[in-house]
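Residue strings, one per chain:
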2 protein chains.
Amino acid sequence: MADNKNKGKQVEAITSMDQDFAQWYTDVVLRSELVDYSYVRGCMILRPYGYAIWENIQHGLDKMFKETGHENVAMPMFIPESLLQKEKDHVEGFAPEVAWVTHGGTEPLAEKLCVRPTSETLFCDHYSKIIQSYRDLPKKYNQWCSVVRWEKTTRPFLRSVEFWWQEGHTAHATAEEAQEETLQMLDVYAKFFEEKLAIPVIKGRKTDKEKFAGAEATYTIEAMMHDGKALQSGTSHNFGDGFAKAFDIQYTDKENKLQYVHQTSWGVSTRSIGALIMVHGDDNGLVLPPFVAPIQVVIVPIAAHKPGVLDKANEMKQTLAEKFRVKLDDSDKMPGWKFAEYEMKGVPLRIEIGPRDMENNQCVCVRRDNGEKTIVNLDNLEAEVERLLQAVRDGMYQKALESRESRIYSAVDYDEFKDMIANKPGFVKAMWCGDEACELKIKEDTTATSRCMPFEQEEISGTCICCGKPAKKMVVWGKAY
Amino acid sequence: MADNKNKGKQVEAITSMDQDFAQWYTDVVLRSELVDYSYVRGCMILRPYGYAIWENIQHGLDKMFKETGHENVAMPMFIPESLLQKEKDHVEGFAPEVAWVTHGGTEPLAEKLCVRPTSETLFCDHYSKIIQSYRDLPKKYNQWCSVVRWEKTTRPFLRSVEFWWQEGHTAHATAEEAQEETLQMLDVYAKFFEEKLAIPVIKGRKTDKEKFAGAEATYTIEAMMHDGKALQSGTSHNFGDGFAKAFDIQYTDKENKLQYVHQTSWGVSTRSIGALIMVHGDDNGLVLPPFVAPIQVVIVPIAAHKPGVLDKANEMKQTLAEKFRVKLDDSDKMPGWKFAEYEMKGVPLRIEIGPRDMENNQCVCVRRDNGEKTIVNLDNLEAEVERLLQAVRDGMYQKALESRESRIYSAVDYDEFKDMIANKPGFVKAMWCGDEACELKIKEDTTATSRCMPFEQEEISGTCICCGKPAKKMVVWGKAY
């Protein structure tokens, strides 16, 4: 066909993962049409296929937020400089990386506004106005929006000037309730990542050095990517009453005494799509867990020109469409092209239907995660597809778990530790004295950072891996995105 | 109870509509907790109740967009100055009212960025990269986001520095297809407003003076508020190939010739919530159509301390919760307080259940729109609630339609016209020669603007209401928000 301007329409080869993981990643995100670069430095465009994954993540998380009693709101995207400055640690953490609006129309502003890098200050200001009595508590709000951080080096999903996320912000009467909320939301995230995204995570607490600017304690779920590096996948912060004091958020308790509220915040972003790609992807492209896959099942007719094939394929589509996101590709491209295309896009299940299958009242189902073929009787189609999609999710989780477990090491002396970090992609468990000086030295010596102090502690040894003093905590260390 | 800091907890009286409509509006939006003012000038906070309405509007429209073949994407929130300037009319229309980002972190930017007031330029730049062949067309994208326009005078929902909306942007092979899309989306908007929001609208075309900056033609749905003023409620623009030429969006057609695409854009915003308030509200507060009401049915137990009442109320809630958004208010407040509170919040249907009702296996259903009470047998509860909610929607639409129809006037001479605009709140139909000078004079003389040239034309007279020359079009005139 005379159409030489029409690029990107063949299934082009992508770089192999093991040859160049960074290039593989870029190839996959562009080739599967998740994102495109925009005219704006460091800002990505979420294309329909990428946005559909984000929509599915949103629906899944939003349901869990509402089931745990949270309500959605929308705050302004701007924060006046004076508001950002109210909490000292917070402004120090964020001011160096915000975008500043200085003019409205042709006029300079009396006070410059930053584009929100996160919205604690806006929620706090609002809470200070609407919370008066213990009967106004708890307030459990969430918002879905994009935020901006002026990053120098950017990569789609992993680090960009603008990204999309949700940020939960809650206010409670007591410290205990705030801590309960903080841990509850970390559990929601862990459950969502493991059950829906098929990504195993390590739950733990961040060291003080790594915690959120203004938080009393930050909790995290950490996932291991295919290259052994860590991706911080969701965080939940307990603010104590620090923000409440800075913003004067007080309520009258049952004894008519003024008390400060205790607050939390927690967030998951479009980084989670980066995790999906880097945990599950392979040299043929994306591998998507069924829960978030924009297309869960693709039907590819074989010998589609033969009588009845397209009719049967259409009939199967109708049957499946009630329960699944299903696509019938009846274009005139070759089946082999289609196989490669939907593998690239990570569609969890492919169904092939041709004249010989029809004779036997069957079709062929092929799993994306392991290539396994199953002959399915058409009378059981719906139930079998459901079973196979569950098997895909389970298989993906198991594979990711085994891949991670085989790359978590334990170190008892510092030379061993440095050797592991340098030569064995993965996480290293090691004991720590709790001193920030050791944490900084480890980072300087190895470029590894403390990922978290896991809830599931082990006693690897009795002494700090770095200084040899008595150890307080086991820490998981790793290089990170 | 010792709780004197706890304000806003009684059902406070609001200003009467007829006494001061503007104050009534402000009272309603604050008192029903739709929005709050924020720390940022001109920017509102959508509180849970207001955001829930917006979520319902989003779900309804998004479904219609997807049914008509549109896909969601997300574009960056920033537009570099050079990109904004590519289409001459467009930049002239928007540049005076945008917010400019001039610094990232501590450094001045090489090129300043505006916060999107609308995203034509970003979509066009993206389309110029991804459209090559006729096989790439049409592209039918939409995004849900907030945009910023540096307004001096602001009012919640009606005019604010930041507002939430959806913006559809499409590219087509031919002018005919683009025109078809433009009108299709106007129809989607009209259908949504009339069926789901119970707001009758006039469909028509904007005059050139009132059209969108850069459009070839703008179409609109115009609604009449309680005070007779107009609210432009949704617009759909046909861009022809103007943007395509400015951004070089070309495709190779089937004959291998380069052609420019033809584009459209269309949007509906949180202004629609302003329309809901001002079309349906009354002196008791909001009146919400069931489709968007965050609470569709509220159950108020009467004599709740009597044995079995709360159990029965809970049982009714369980029954109804499968199909409706239902709330049981079992707090210890008085029923009268609850009645007023949920009237203020516009809940379409209130159900009262007390000991005497239980004896008779019945409950009392009270419609918010007209106060009508219906005794309902509990065995038919679900079906009766469904019927009553439909009746509420139908009643609201009919009432709004009659209210509008009774305030649309026709003028044949200019004195009559000016008198009507000055003294009769509502719309005036009058003939127009098509000359912008007359349109400007009318605005100067009366402050009324041309709302649209309705698709349903009538011949009120043969000559222009302003200059007396032969008329070309009937125009609907009115004062507007």
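Residues numbered from 1 in each chain as written. Chains lettered and ligands numbered in written order. Predicted model: local features only at pLDDT ≥ 70, side-chain atom pairs only at ≥ 80, totals over all residues. Heavy atoms only, no water.

Trainee: Can you break down the overall build of chain A residue by residue, with the values?
Mentor: Scanning chain A from terminus to terminus reveals 14 helices and 23 strands. The C-alpha radius of gyration computed for chain A amounts to 25 Å, which stays within 12% of the reference 23 Å derived for 481 residues, consistent with globular compactness. The burial tally for chain A puts 60% of its 481 residues in the buried class. Across chain A, the fraction of contacts at a sequence separation of at least 24, relative to all contacts at a separation of at least 6, is 68%. Side chains of chain A carry 61 positive and 74 negative charges; the gap between the two charge centres is 2 Å. (Helix = DSSP H or I, 4+ residues; strand = E, 2+ residues; numbered from the N terminus. Rg over C-alpha atoms; globule rule 2.2 N^0.38 Å. Buried < 20%, exposed > 50% of the residue type's maximum accessible area, 1.4 Å probe, protein only. Contact = heavy atoms within 4.5 Å. Lys, Arg positive; Asp, Glu negative; His and termini not counted. Charge placed at Lys NZ, Arg CZ, Asp CG, Glu CD.)

Trainee: So what's going on with helix α10 (residues 335-344) of chain A? Which residues, and what values?
Mentor: All names here are of chain A. All of the buried residues in α10 are Lys338, Glu341, Tyr342 and Met344. End-on, the buried residues of α10 take up no more than an arc of 150 degrees, which puts them together on one face. With its phi angle positive at about 75 degrees, Gly346 sits one or two positions after the end of α10. (Arc of directions from axis to C-beta.)

Trainee: Describe in detail the interface of chain A and chain B, supporting the description with residues and values.
Mentor: With 72 residues of chain A in contact, the opposing surface of chain B contributes 72 residues. Taken over both partners, the interface formed by chain A and chain B buries close to 5,800 Å², and the fraction arising from carbon and sulfur atoms is 57%. Across the contact surface, chain A and chain B share 6 salt bridges. One salt bridge connects Glu107 of chain A with Lys152 of chain B, and the closest N-O pair in it is separated by 3.8 Å. Counting the contacts that link chain A with chain B gives 19 residue pairs in polar contact (both at pLDDT 80 or more). The pairing of strand β5 (residues 99-104) of chain A with strand β5 (residues 99-104) of chain B spans 5 bridges and is classified as antiparallel. Bridge pairing in β5 of chain B places Trp100 of chain A opposite His103 of chain B. (Buried area = accessible area lost by both parts, 1.4 Å probe. Salt bridge = Lys/Arg side-chain N within 4 Å of Asp/Glu carboxyl O. Polar contact = N/O pair within 3.5 Å; in protein donor to acceptor, adjacent residues only side chain to side chain. Pairing = 2+ DSSP bridges.)

Trainee: Residues and numbers for the pairing of strand β7 (residues 139-148) of chain B, please.
Mentor: Residues and elements named next belong to chain B. Burial analysis of β7 places 10 of its 10 residues in the buried class, which makes it a mostly covered element. With burial as the criterion, each face of β7 is covered, one bearing Lys139, Tyr141, Gln143, Cys145 and Val147 and the other bearing Lys140, Asn142, Trp144, Ser146 and Val148. Of the pairings in the sheet, the one linking strand β3 (residues 71-72) to β7 comprises 2 bridges and is parallel in character. Within the sheet, the bridge partner assigned to Glu71 lies in β7 and is Tyr141. With 10 bridges connecting them, β7 and strand β8 (residues 162-172) associate as antiparallel partners. Opposite Tyr141, over in β8, you have His169 as the bridge partner.

Trainee: If you had to explain the confidence of the model for chain A to someone new, which residues and values would you point to?
Mentor: For chain A, per-residue confidence averages 96 on the pLDDT scale, and 98% of positions sit at 70 or higher. Low pLDDT (under 50) marks residues 1-9 of chain A, which in the prediction has 19 contacts with non-local residues, meaning those over four places away or in another chain. (pLDDT = per-residue confidence, 0-100.)

Trainee: Describe the pattern of salt bridges, listing the residues and the values that go with them.
Mentor: All names here are of chain A. All chains considered together, the criterion is met by 61 salt bridges over all chains. Salt-bridge contacts for Glu67 lead to Lys63; the nearest nitrogen and oxygen are separated by 3.3 Å. Of the two residues, Glu67 and Lys63 both sit in helix α2 (residues 48-67), 4 residues apart, roughly one turn of that helix. By the burial criterion, Glu67 is exposed, and Lys63 matches it.

Trainee: Tell me about the relation of the copies chain A and chain B, residues and numbers included.
Mentor: When chain A is fitted onto chain B, the two copies agree to an RMSD of 0.0 Å after a turn of 180 degrees and an axial shift of 0.0 Å. Seen this way, the second copy is the image of the first under a two-fold rotation axis. Among all C-alpha atoms of chain A, that of Val101 of chain A lies closest to the rotation axis, at 2.1 Å. The overlap is high: 100% of the interface residues of chain A also sit at the interface in chain B, so the same surface is used on both sides. (Least-squares fit on C-alpha atoms with pLDDT ≥ 70 in both.)

Trainee: How would you summarise the nonpolar core if you had to cite specific residues and measurements?
Mentor: Ranked by size, the top nonpolar core spans 84 residues in total, and within it Phe78, Val115 and Ile131 of chain A together with Phe78, Val115 and Ile131 of chain B carry the most contacts. Within the second largest apolar cluster, 61 residues are counted, among which are Tyr25, Leu158, Met185 and Ala293 of chain B. (Core = buried A, V, L, I, M, F, W, Y, C linked by side-chain atoms within 4.5 Å.)

Trainee: Talk me through the pairing of strand β14 (residues 262-269) of chain B; I want residue IDs and the actual numbers.
Mentor: With respect to burial, β14 of chain B is a largely interior element, 8 of its 8 residues being buried. The alternating pattern of β14 of chain B places His262, Thr264, Trp266 and Val268 of chain B on one face and Gln263, Ser265, Gly267 and Ser269 of chain B on the opposite face, and all of these are buried.

Trainee: I'd like a rundown of the sheet that holds strand β19 (residues 373-377) of chain A, residues and numbers included.
Mentor: Residue and element names in this part refer to chain A. Judged by pairing direction, the sheet is mixed, and its 5 strands sit side by side in the order β16-β15-β17-β18-β19 without closing on themselves. With one partner strand each, in any of the chains shown, β16 (326-328) and β19 form the two edges of the open sheet. If you compare each strand with its neighbour and ignore which way they point, the axes differ by 25 degrees on average. In the sheet, strand β15 (residues 297-301) pairs with strand β17 (residues 349-353) via 5 bridges, with the strands oriented parallel. When the bridges of β17 are listed, Val297 appears paired with Leu349. Sitting on the sheet, helix α9 (residues 309-321) is in contact with β15, β16, β17 and β18 (362-367), with an inclination near 170 degrees to β15. Here α10 sits on the sheet and contacts β15, β16 and β17; the angle it forms with β15, its principal contact strand, is near 170 degrees. (Axes fitted to C-alpha atoms, helices over the stretch in contact; angles between N-to-C directions.)

Trainee: Got a sec to walk through α9 of chain A? Specific residues and values, please.
Mentor: Residue and element names in this part refer to chain A. Under the 1.5 Å per step criterion, the end-to-end length of α9 is 18 Å for 13 residues, consistent within 8% with the ideal 18 Å. Within α9, burial applies to Val309, Lys312, Ala313, Met316 and Leu320. Buried residues of α9 fall within an arc of 100 degrees about the axis and therefore sit on the same side. Across α9 from its buried face, at more than 90 degrees, point the exposed residues Asp311 and Gln318. Buried positions along α9 lie against β15, β16, β17, α11 (355-359), β18 and α12 (381-405). (Expected span 1.5 Å × (residues − 1).)

Trainee: Kindly report on the packing of aromatic side chains, identifying the contributing residues and their values.
Mentor: Scanning all chains against the criterion turns up 38 aromatic pairs over all chains. Centre to centre, the rings of Phe192 of chain A and Phe193 of chain A are 6.5 Å apart; their planes meet at 75 degrees, and the pair counts as edge-to-face. Grouping residues by exposure puts Phe192 of chain A and Phe193 of chain A together as buried. Between Phe123 of chain B and Tyr127 of chain B, the ring centres sit 6.3 Å apart and the planes meet at 55 degrees, which makes this aromatic pair tilted. Separated by 4 residues within a single helix, Phe123 of chain B and Tyr127 of chain B lie in helix α5 (residues 120-130), roughly one turn from each other. Owing to a relative accessible area of 0%, Tyr127 of chain B belongs among the buried residues under this scheme. Grouped by ring-pair contacts, the aromatic residues Trp54, Phe65, Trp144, Tyr189 and Trp266 of chain A constitute a single cluster. Against the face of Trp100 of chain B rests Lys112 of chain B, its NZ or CZ located 4.3 Å from the ring centre. The aromatic ring of Phe339 of chain B is capped on one face by Arg350 of chain B, whose charged end is 3.8 Å from the ring centroid. (Phe/Tyr/Trp six-rings, centres within 6.5 Å; stacked < 30°, edge-to-face > 60°. Lys NZ or Arg CZ within 6 Å of the ring centre and 35° of its normal.)

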